[in-house]
Amino acid sequence: MANSSSGSATSPAAVPFLDVGACYRELKAEYDAAWHRVMESGRYILGEEVEAFETEFAAACGASHCIGTGNGLESLFLILRGYGIGGGDEVIVPAQTFIATWLAVSHTGARPVAVESHQHGFQMDPARVVAAITGRTRAILAVHLYGEPSNMDALREIAARGNLRLIEDAAQAHGARWCGRPAGGLGDAAGFSFYPSKNLGAFGDGGAVVTNDRQLAEAVRRLRNYGALGKSDHDICGYNSRLDSLQAALLRVRLRHLEEWNARRRALARMYRKGLAGTRCVLPVVAEGAEPCWHVFAIRHPDREQLRSFLQARGVETAIHYPVPPHLSPAYAGLGYRRGDFPLAERWADTVLSLPMGPHVDDAAAERVMEAVRAFESAHA
Ligand SMILES: Cc1ncc(COP(=O)(O)O)c(C=O)c1O
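Small disclaimer: the values here were computed from a predicted structure and weren't measured.

### Examining the packing of aromatic side chains
Aromatic rings considered in pairs are described by the distance between their centres and by the relative angle of their planes. Under the definition given, this model contains 17 aromatic pairs. Between the aromatic rings of Tyr24 and Phe203, the centroid separation amounts to 6.2 Å while the plane-to-plane angle is 80°, which identifies the pairing as edge-to-face. One end of the pair, Tyr24, is in helix 1 (residues 20–26); the other, Phe203, is in the loop between strand 8 (189–193) and strand 9 (207–211), with 179 residues separating them in the sequence. On the basis of relative accessibility, which here comes to 35%, the residue Phe203 falls in the partly exposed class. Judged by centre distance (5.1 Å) and plane angle (45°), the ring pair of Tyr272 and Phe297 falls under tilted. Linking Tyr272 in helix 10 (residues 258–276) with Phe297 in strand 11 (residues 297–300), this pair joins segments that are 25 residues apart in sequence. On the basis of relative accessibility, which here comes to 0%, the residue Tyr272 falls in the buried class. The class for Phe297 is buried, based on a relative accessible area of 0%. Among the aromatic residues, those joined into a cluster by ring pairs are Phe53, Phe57, Phe192 and Phe194.

As structure tokens, this is what we get:
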């Protein structure tokens, strides 16, 4: 399950995994004003709302350019295409990530080359990245998985030494920071997703490319719009991957609340850390310098399936990000990877469990989650 916008409005869970509808309800007046404005404007794709959002989101990321796109997968794909990456090239990707990271690479014709995380964390291990570089490597695609930034200083140094592009998959990292600097401005370019369940979620699909690279920004602007900047200057063979005005207007509303809602997620993460210490839950290890935005709070547990069923029976909804690592997915059978090739990613897939997380999980709900976990631990001591 990649995206977890379900399970709220229709779920009977006392503590839903994520209540996306609550985000609308809290800001209903602002959202309603925004969509009325767009409906009255007569401009529904790109246009002023998208340009305004692009300016505001670039500033939030500390970057000079933002280009709204159709979704996160296409944002990553357009960056790779913009850098001319394609058949015969290799791109380094994490072994543990959502499959879209790999798909963005495959769709260019390049080969995703998987690298494992640290022994105790979820982000790519820079030492393993170095070992995976070959003469064909063109880029490192670092994923800020679960909203925890990768070690961008180490990766930038490796990329510079190898003359490689460093690209952020920031689909889960809106407002996350590495050494005080926001995700999106930490590499050559970053791809964001605005899928509704994201920290900065739209009400449909949406994405953005963020970069300080003016040439790449122009290439992506063309690629997203049939290869043209205007109506008919089709200088290259492009695609159709544009952000629509309605999503941009709604995202502008939500962007104003991103910091406050991320602060709530951080408080919740602190509560979980304190309340679950001493249980068999392996809590996320955050690297020094990383300030996660806690898109997902993923614990690991040796009896993950039993714990999950126990919690479900007590009305606590959880999710698994992700049960099948891309190298074991049938979609990638052609790459020739086997079970055992990436033991850490496989172990994570078998043991991770995402607890309810979001700006609308209040203290009482968090207590209920932790009580249920502790009850499981007592019953299985
Ligand atoms: C790490 C990661 N990369 C890329 C994507 C793709 O984003 P989208 O669903 O907007 O295409 C996602 C979406 O869940 C993601 O989690």
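### Quick look at the confidence of the model for the protein chain
Summarising the model, the protein chain shows a mean pLDDT of 95, and 97% of its residues fall at 70 or more. The low-confidence segment residues 1–11, where pLDDT is below 50, has 30 contacts with residues more than four positions distant or belonging to other chains.

### Describing the pattern of salt bridges
By the definition in use, this model includes 22 salt bridges. Asp363 is the partner of Arg264 in a salt bridge, and the nearest nitrogen-oxygen pair spans 3.2 Å. Of this pair, Arg264 sits in helix 10 while Asp363 sits in helix 13 (residues 363–379); the two residues are 99 residues apart in sequence, bridging distant segments of the chain. Given a relative accessible area of 21%, Arg264 falls into the partly exposed group. We classify Asp363 as partly exposed; its relative accessible area is 42%. The network of salt bridges with common partners includes Arg37, Glu49, Glu56 and Arg252.

### Quick notes on the packing of helix 4 (residues 72–82) against helix 5 (residues 99–106)
Close contact between helix 4 and helix 5 brings their axes to 8 Å; oriented N to C, the two are set at 35°. As helix 4 runs across helix 5, the sense of the crossing is right-handed. Note on element contacts: helix 5 touches helix 4 through Ala100, Thr101, Leu103, Ala104 and Val105, opposite Leu73, Leu76, Phe77 and Leu80. By residue class, the composition of the contact of helix 4 with helix 5 is eight nonpolar, one polar and no charged.

### Considerations on the sheet that holds strand 5 (residues 165–169)
Reading across the sheet, the seven strands line up as 1-9-8-5-4-2-3 and stay open at both edges, with mixed pairing between neighbours. The sheet is open, and its two edges are formed by strand 1 (65–69) and strand 3 (111–115), each paired on a single side. In this sheet, adjacent strand axes meet at a mean angle of 25° when their direction is disregarded. Strand direction decides the pairing type here: strand 2 (residues 90–94) and strand 4 (residues 137–143), joined by three bridges, are parallel. Across the sheet, the residue bridging to Val91 is Ala139, located in strand 4. Where helix 4 meets the sheet, it contacts strand 1, strand 2, strand 4, strand 5, strand 8 and strand 9, and its direction lies at approximately 160° from that of strand 8.

The rules behind these values
- Every chain's residues receive numbers from 1 upward, in the order its sequence appears when written.
- Local features in this predicted model are restricted to residues of pLDDT 70 or higher, and side-chain atom pairs are both shown and tallied only at a pLDDT of 80 or more, whereas totals for entire chains, interfaces and linings draw on every residue.
- Excluding hydrogens and water, the side-chain values take into account all heavy atoms of the structure.
- Here the aromatic set is Phe, Tyr and Trp, taking the six-membered ring for Trp, and pairing holds for ring centres within 6.5 Å; pairs whose planes are under 30 degrees apart are stacked, those over 60 apart are edge-to-face, and all others are tilted.
- Secondary structure elements are taken from DSSP: a helix is a run of H or I of four residues or more, a strand is a run of E of two residues or more, and numbering for both begins at the N terminus.
- Think of it in three bands: with a 1.4 Å probe and only protein chains considered, a residue is buried below 20% of the maximum accessible area for its type, exposed above 50%, and partly exposed in between.
- Per-residue confidence from the prediction method is given by pLDDT, with values spanning 0 to 100.
- Two residues form a contact once any of their heavy atoms are found within 4.5 Å.
- A pairing counts as a salt bridge when a side-chain nitrogen of Lys or Arg comes within 4 Å of a carboxyl oxygen of Asp or Glu.
- Throughout, an axis means a line fitted to C-alpha atoms (over the contacting stretch in the case of helices), and angles, computed between N-to-C directions, take values from 0 to 180 degrees.
- Helix crossings get a hand from a simple test, with the near helix turned counterclockwise from the far one by less than a right angle marking a left-handed crossing and a clockwise turn marking a right-handed one.
- Gly is placed with the polar residues, together with every amino acid not listed as nonpolar (Ala, Val, Leu, Ile, Met, Phe, Trp, Tyr, Cys and Pro) or charged (Asp, Glu, Lys and Arg).
- Here the rule is simple: two strands pair whenever DSSP picks up at least two bridges between them.

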